[in-house]
Amino acid sequence: MATFNVWKTIKYFILIVMAVLFLTPVYVILVTSLKPLDEVSLANMWALPSTIDFSSYSHAFSELAPNFMNSVYLVIPATLLSALLGAMNGYVLSKWKFKGSELIFTVILFGMFIPYQSILIPLIQFLRNIEMYNSIAGLVLTHVVYGLPITTLMFRNFYANIPDTMLEAAKIDGANFLGIFRHIIIPLSITGFVVVAIWQFTNIWNEFLFAVTITNSDSQPVMVALQNLSGSQIVQWNVQMAGALLAALPTLLVYILLGKYFVRGLLAGSVKG
Amino acid sequence: MAEQAVDRQEQEYPENHRQQQAAQKEKKPKKKISGDQWVALGFLAPSFILVLIFVYGFIGWTGWVSVSNWNTLVPDFSFAGLKNYIYLFNDYRFQADLRNTVFFTILFIGLVIVMGLGLSILIDQKLKGESLFRNIFLFPMALSFVVTGVVWQWLLNPSTGYNQFLALFGIQPKWYTDTNILAGFEWGSIEFGLPVAIIAVVIAAVWQMTGFSLAMYLAGLRGIPDELREAARMDGASEFQIYKKVILPMLMPITVSVIIIMAHISLKIFDLIYAMTGSGANFVTDVPGVYMFETTFRGNYYANGAAIAIIMLLMVAVFIVPYLLANRRSDG
């Protein structure tokens, strides 16, 4: 019995030490961003602020607010569109399989793994030609297209769990392809849409390579602005920390409130059904 | 009759031809494609066409740029052969990038697996507060690599951050500013070996991605029925043996998935390094993703950038293509 408790203590000890290590970045962000400017120094990084001062946040907010809104305008339509197209593809690829549909699925899925550097030069030329370069609309299009593989995969796996007998019964009742989609599949997909939307929201909000190459100045999303903020020599690092927290806030909130679905998305995107 | 119908369809919707032909074949003999199947193809076609153009078409286009002379602001598609590739493989910076990618990938994947597996086993012990621990280890997954880079740049800054604690033990690592190459030897124009600076970037990346393997392993552990452990215990196996002989082998498919997914993240990594360290002195923290971005979009060496991108794609494909094909086969 005594040895059992020793083991348990060791297990807790390891978990607690690791948890503390994992949380140190959060601690540093919080204490640094809440310090008044005269307490911000490299030597006192770990010290608690003597008073709570929000001036770093107001400074960071004034720098990032326009880009933050750009990200909002980007992430909402891109998430909705890619989820909708993913649901349509997933429905066909799970419930209306035909010869070659597995091949088509694999062909689409490959797009999920490519380094986006390998399509970036043509993409930018293309967006210039259709006059969508340096615009939020261009970024929306980009994220919708390159989001298709993952949303298709997630919905295909999700729909694979809906029993075929349900569709057969509906067909006997005279329902057609669209009728089944609207009256059976969509109502059963609410969880699927939440999982996919959270996943896409997080990925698109956090994305940097497309953002930094397709847009400049006025239409840049928040992550590019944060990177500029941290690269700038004149910006104090308490402001950088406050900016990092502001930029991370939407996805952190989603994680805190809907973490269960976030983890389901993570698993759905990686384990093939 | 059927052939004629196919021909007509092909003229009207040439891009659908392959799918239709495939669908047609299955429904042979006699049966025509039903109205529903047409609608089904109509559902799939826009996405499929977009992927064909934006993924495969654009990769081909990049491949073409990579063998062109377009190394200025003005596009020049004249054929250059393998000139750009040869240039890269003789280039000090690119050789350093390949070295850094090798060591970054090995350390990153190794640590993500060890940490994820270890923590998931601890969390799976039915201890109190397991969901709190899980959430703490998982939350960095919700962050951007840019945020991670900005924060860890300060935590691993040699003159502050963790070094203030390490000073108590008299250790002052130079982290990402260290230009030493461990166990280095001359190879090509670079010193091949473990760049010490890359360890700092690995720490930040592991902090962010451990949650991924943790969640995967935890799902795997939860899927192993308790009876199996019970049976092993009845046979007199120790807890350690149960993990070694029963549980770890059952988690093997998850390990393979984690390796594949982490490998493709690691081989194309750009944002974390760009935000945290940049290419570093002597390119000790440079990677192909950063080089591609800078040479293409800051230096206007489009053909060189395209060649880097194609090499990155090939490196990723080595991992991904067998994985996708194996998955397809097991799907049946």
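This is a predicted model, so every value here is computed, not measured.

## Notes on the overall build of chain A
A tally of helices and strands in chain A yields 11 helices and zero strands. In sequence order, chain A lays out its α and β elements as α-α-α-α-α-α-α-α-α-α-α. Whereas a compact globule of 273 residues would reach a radius of gyration of roughly 19 Å, chain A reaches 23 Å, over 25% beyond that. When the 273 residues of chain A are sorted by exposure, 58% land in the buried category. Taking all contacts inside chain A whose residues are at least 6 apart in sequence as the whole, residues at least 24 apart take part in 74%. Surface exposure of chain A reaches about 11,400 Å², of which carbon and sulfur atoms provide 69%. Placing the 13 positive and 11 negative side-chain charges of chain A at their respective mean positions leaves the two points 17 Å apart.

## Some points on the layout of surface pockets
When its volume is computed, the largest pocket comes out at roughly 480 Å³. Around the largest pocket sit 14 residues that line it, and Trp7(A), Lys11(A), Ile121(B), Phe240(B) and Tyr243(B) are the ones nearest its centre. Elements that contribute at least two residues to the lining of the largest pocket include exactly helix H1 (2-33) of chain A together with helix H5 (92-123) and helix H11 (239-250) of chain B. Here the element with the most residues in the lining of the largest pocket is H11(B); it accounts for five residues. Classifying every residue of the lining of the largest pocket gives nine nonpolar, two polar and three charged.

## Some details on the pattern of salt bridges
For side chains bearing opposite charge, pairing can occur when the charged atoms are close. All names here are of chain B. Across all of its chains, the model carries 11 salt bridges over all chains by this definition. The closest approach of N and O atoms between Arg-222 and Asp-124, which form a salt bridge, is 3.1 Å. Taken as a pair, Arg-222 in helix H9 (residues 196-222) and Asp-124 in the loop between H5 and helix H6 (130-138) lie far apart in primary sequence, 98 residues in all. On the basis of relative accessible area, Asp-124 is assigned to the buried category, the value being 9%. If you follow the salt bridges from partner to partner, you end up with Asp-124, Glu-130, Arg-222 and Arg-229 in one network.

## Overview of the domain arrangement of chain B
A common measure of how large an interface is: the accessible area buried when the components associate. All names here are of chain B. Taken domain by domain, chain B consists of domain 1 (2-66) and domain 2 (93-331). Taken together, the contact between domain 1 and domain 2 spans five residues of the former and seven residues of the latter. Interface of domain 1 and domain 2: buried area, both sides summed, is about 410 Å²; carbon and sulfur atoms make up 87% of it. Where domain 1 touches domain 2, the interface holds zero salt bridges. Partitioning the side of domain 1 that touches domain 2 into residue classes produces two nonpolar, three polar and no charged.

## As for the packing of aromatic side chains
Applying the stated criterion across every chain, the model contains 49 aromatic pairs over all chains. Ring centres of Tyr91(A) and Phe177(A) lie 4.8 Å apart, and the angle between their planes is 40 degrees; this geometry places the pair in the tilted category. Residue Tyr91(A) is located in helix H2 (residues 55-95), and its partner Phe177(A) is located in helix H7 (residues 177-188); the two are separated by 86 residues in the primary sequence. What makes Phe177(A) buried here is its relative accessible area of 1%. Here Phe208(A) and Tyr274(B) contribute two aromatic rings whose centre-to-centre distance is 5.8 Å and whose plane-to-plane angle is 40 degrees, an arrangement assigned as tilted. You can see Phe208(A) sitting in the loop between helix H8 (190-206) and helix H9 (209-214) and its partner Tyr274(B) sitting in helix H13 (residues 271-276), one on each of two chains. Connected via pairs of aromatic rings, a cluster forms that spans Phe208(A), Trp64(B), Trp70(B), Phe77(B), Phe270(B), Tyr274(B), Phe293(B), Phe297(B) and Tyr302(B).

Cut-offs used in this document
- Residues numbered from 1 in each chain as written.
- Chains lettered and ligands numbered in written order.
- Predicted model: local features only at pLDDT ≥ 70, side-chain atom pairs only at ≥ 80, totals over all residues.
- Heavy atoms only, no water.
- Helix = DSSP H or I, 4+ residues; strand = E, 2+ residues; numbered from the N terminus.
- Rg over C-alpha atoms; globule rule 2.2 N^0.38 Å.
- Buried < 20%, exposed > 50% of the residue type's maximum accessible area, 1.4 Å probe, protein only.
- Contact = heavy atoms within 4.5 Å.
- Areas by Shrake-Rupley, 256 points an atom, 1.4 Å probe, with all protein chains shown as cover.
- Lys, Arg positive; Asp, Glu negative; His and termini not counted.
- Charge placed at Lys NZ, Arg CZ, Asp CG, Glu CD.
- 1 Å grid on protein atoms, 1.4 Å probe; cavity = no way out; pocket = protein on both sides within 12 Å on 5 of 7 lines; lining within 4 Å.
- Points joined across faces, edges and corners; volume = space filled by probe spheres on them.
- Nonpolar A, V, L, I, M, F, W, Y, C, P; charged D, E, K, R; others polar.
- Salt bridge = Lys/Arg side-chain N within 4 Å of Asp/Glu carboxyl O.
- Domains from an automatic or database assignment.
- Buried area = accessible area lost by both parts, 1.4 Å probe.
- Phe/Tyr/Trp six-rings, centres within 6.5 Å; stacked < 30°, edge-to-face > 60°.

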